[in-house]
Amino acid sequence: VKQRRFEQLYRPEWDILTRQLERLESRRGKGDMDNAGLADLPGRYRRLCHQQALARQRGYSVGLTTELDGLMLRAHRQLYTYRPPILSRLRRFLVHDFPVAVREQAAWNLISTAVFVLSSLLVFILIQQQPDMVFSVMNEDTVDQLEQMYGQGSLGSRGARTSGDDATMFGFYIMNNIGVAFRSFASGIFFGVGALFIMLFNGSYLGAAASHLTNLSFGDSFYSFVIAHGAPELTAIVLAGGCGLRLGWALVSPGRFARIEALRQAAQGALPVLYGVIVLLLAAAFIEAFWSPRDLPLAIKYGVGATLWCLLLIYLFFGGRRMPGGGR
Amino acid sequence: MIDEQLHVRTPEGADLALPLAGPMPRAAAWLVDLVIRMVAYLFMALLFALLGGVGTGLMLIGIFLLEWFYPVFFEAFWHGQTPGKRTMKIAVVHANGTPLSFNGSLVRNLLRAADFFPFAYLTGLVAMMMSTRFQRLGDMAADTLVVHINDGARPDSSLRAGPGKALPDWPLTLADRKTLAGFAERANQLTEDRRRELAHHAFPELTPMQAEQRLARLAAQMLGDQ
């Protein structure tokens with residue numbers, strides 16, 4: 001069959017397919033109403049595959065084969081679209097997938113936790129010995145700000161906080177903390193160095209702040225402020241660091257896989273943890289903005305904080321040991 | 001032949017051709033998205049300025065969402081395209097040609113932070129140049145590709161051939177047929193001189209003008225115009 005005849009023969013079919021694809025593509029992803037007239041799409045797509053193979057085999061013009069290739073790619077994209085239900089998976093994720101995924105990369109979480117805790121302990125002890133060393137970790141303005149925030153009696157200065165301030169801080173915590181978590185993950189791809197650096201930096205910063213305020217005997221004001229939201233926040237940052245290290249290690253030592261394949265698997269495995277990190281940081285921002293600044297007796301604040309830590313650790317260590325809805 | 005196409009076998013046994021998009025269209029798409037984001041920031045700033053402290057909080061959340069999730073949501077829910085990618089007619093797909101999933105979109109866009117390092121997507125550019133499939137680090141981790149989406153428009157041209165039949169002096173191979181079909185199809189994009197020059201290669205014993213006419217008749221007959 002000559003090319004012109006071939007085109008005449010199948011052009012009507014391609015036009016119908018094009019119109020069907022245009023309809024599907026303009027449908028902004030939602031609403032499965034009005035599927036009438038689309039039932040024959042798979043059949044048309046398969047015939048198109050055949051025609052495209054013929055056109056190449058017979059050496060028809062590049063313009064025609066390119067057109068058929070493009071049409072085929074568009075049909076393929078529509079045919080293989082997958083839209084899973086979100087809500088049912090969300091529950092399963094919280095009950096089962098997240099804690100399991102966290103334990104799966106326990107080694108990396110342990111390393112990032114160790115780096116974070118050891119660096120903050122080291123800095124804490126150093127500044128206990130040499131109070132002036134706080135200025136080698138943070139600059140004077142930051143130190144002044146810290147002193148103002150936690151000084152002046154117990155939480156006194158924050159008595160005047162309005163609900164507007166709380167909302168502002170809520171937004172700030174979300175932007176800053178989740179950003180730090182994402183960056184820990186992303187920069188881990190540089191053989192883990194970026195993730196380690198962020199753990200080290202944030203650990204030292206926390207250690208310096210705690211130690212300096214303890215030196216000035218503002219300790220209670222500081223610890224009672226951070227203990228509650230610290231549970232989800234610090235856990236989440238350390239977990240994000242673990243994700244980053246996992247990514248980096250896949251490139252350093254891919255094992256039996258090609259590096260790019262190892263990287264792909266590491267990213268896929270770390271993804272549930274990362275989703276969980278987002279949830280934890282949202283919770284942390286909420287607590288930090290609306291609960292932590294409240295002026296309450298120290299016993300209550302420490303009690304609530306300790307309870308949160310316990311619940312979170314129990315959840316991460318023992319959650320999801322059994323499959324939801326029966327099974328193992 | 002220099003080929004920027006990646007061929008993928010689909011479950012139907014068909015050979016899917018993915019035309020890979022290089023750094024230039026992708027950078028252009030990114031710039032378009034940047035402008036859109038800037039306009040969005042401006043609108044948010046004007047709107048939330050009226051709301052005081054709550055407004056500042058919302059503004060910060062808005063900045064966070066636009067910075068990190070603008071490409072994630074568009075690519076996940078809009079056929080793998082951000083508005084910028086749509087204007088450049090490129091889209092993100094998985095390496096097997098299937099549409100981008102939410103997970104894939106999240107991984108490739110979170111790793112933008114790494115690709116951007118140290119500035120202006122330098123790491124991403126180097127990775128793309130080293131990859132055989134124009135993948136930046138995020139694409140490698142998410143196993144995704146950026147491809148051109150061909151909307152089917154093609155130059156509607158063919159060579160005008162005089163009457164009469166022409167037979168080739170040599171047995172036509174598949175490559176010859178493709179070359180001939182390509183010549184006929186692109187004839188209107190070439191100048192007359194260039195057409196004659198090319199045709200002269202096929203029939204060096206004729207004058208360029210005669211060669212062109214003969215080649216046109218040959219192509220027309222092969223394609224089935226007459």
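Because the structure is predicted, anything quoted here is derived from the model rather than measured. (Residues numbered from 1 in each chain as written. Chains lettered and ligands numbered in written order. Predicted model: local features only at pLDDT ≥ 70, side-chain atom pairs only at ≥ 80, totals over all residues. Heavy atoms only, no water.)

**Student:** Help me understand unusual backbone geometry in this model?
**Tutor:** The phi angle of most residues is negative, glycine excepted, and most peptide bonds adopt the trans form. All names here are of chain B. The omega torsion across Phe 117 and Pro 118 is -10°, close enough to zero to call that bond cis. Looking at where Pro 118 falls in the secondary structure, it is placed in the loop between helix H5 (112-116) and helix H6 (122-130). Residues other than glycine seldom take positive phi values, yet Ala 120 does so here, at roughly 50°. Position of Ala 120 among the secondary structure elements: in the loop between H5 and H6. We note that Tyr 121 has phi near 60°; this positive angle belongs to a residue other than glycine. Following the sequence through the fold, Tyr 121 ends up in the loop between H5 and H6. Among the residues examined, Tyr 121 registers a relative accessible area of 18% and is labelled buried. (Helix = DSSP H or I, 4+ residues; strand = E, 2+ residues; numbered from the N terminus. Buried < 20%, exposed > 50% of the residue type's maximum accessible area, 1.4 Å probe, protein only.)

**Student:** Where do I start with empty space enclosed by the protein in this structure?
**Tutor:** Over the atoms rolls a probe the size of a water molecule, and in doing so it shows where empty space is left. Residues and elements named next belong to chain A. Summed over the entire model, instances satisfying the criterion amount to one cavity of 30 Å³ or more. Forming the walls of the largest cavity are Glu 13, Trp 14, Leu 17, Arg 44, Arg 47, Leu 48 and Gln 51. The set of elements that each furnish at least two residues to the lining of the largest cavity consists of helix H1 (3-25) and helix H2 (41-57). Per-element tally for the lining of the largest cavity: the top contributor is H2, with four residues. Here the lining of the largest cavity is composed, by residue class, of three nonpolar, one polar and three charged. (1 Å grid on protein atoms, 1.4 Å probe; cavity = no way out; pocket = protein on both sides within 12 Å on 5 of 7 lines; lining within 4 Å. Points joined across faces, edges and corners; volume = space filled by probe spheres on them. Nonpolar A, V, L, I, M, F, W, Y, C, P; charged D, E, K, R; others polar.)

**Student:** In this structure, what is going on with the side chain of His79(B)? I would like to understand it.
**Tutor:** Among the structural elements, His79(B) can be located in the loop between helix H2 (52-77) and helix H3 (83-87). Among residues more than four places away in sequence, those in contact with His79(B) are Leu24(A), Glu25(A), Arg77(A), Gln78(A), Arg83(A), Arg86(B) and Ala91(B). (Contact = heavy atoms within 4.5 Å.)

**Student:** Is there a simple way to think about the packing of aromatic side chains in this case?
**Tutor:** In this description, an aromatic ring pair is defined by two values, namely the gap between the centres and the angle between the planes. All names here are of chain B. Throughout the structure, instances matching the rule amount to 32 aromatic pairs over all chains. Between Phe 73 and Phe 102, the aromatic rings sit 5.9 Å apart at their centres with planes inclined by 55°, giving tilted as the arrangement. Placement of Phe 73 in helix H2 and of Phe 102 in helix H4 (residues 102-110) is noted, with a sequence separation of 29 residues between them. Overall, the relative accessible area of 27% leaves Phe 102 in the partly exposed class. (Phe/Tyr/Trp six-rings, centres within 6.5 Å; stacked < 30°, edge-to-face > 60°.)

Geometry only, nothing functional implied.
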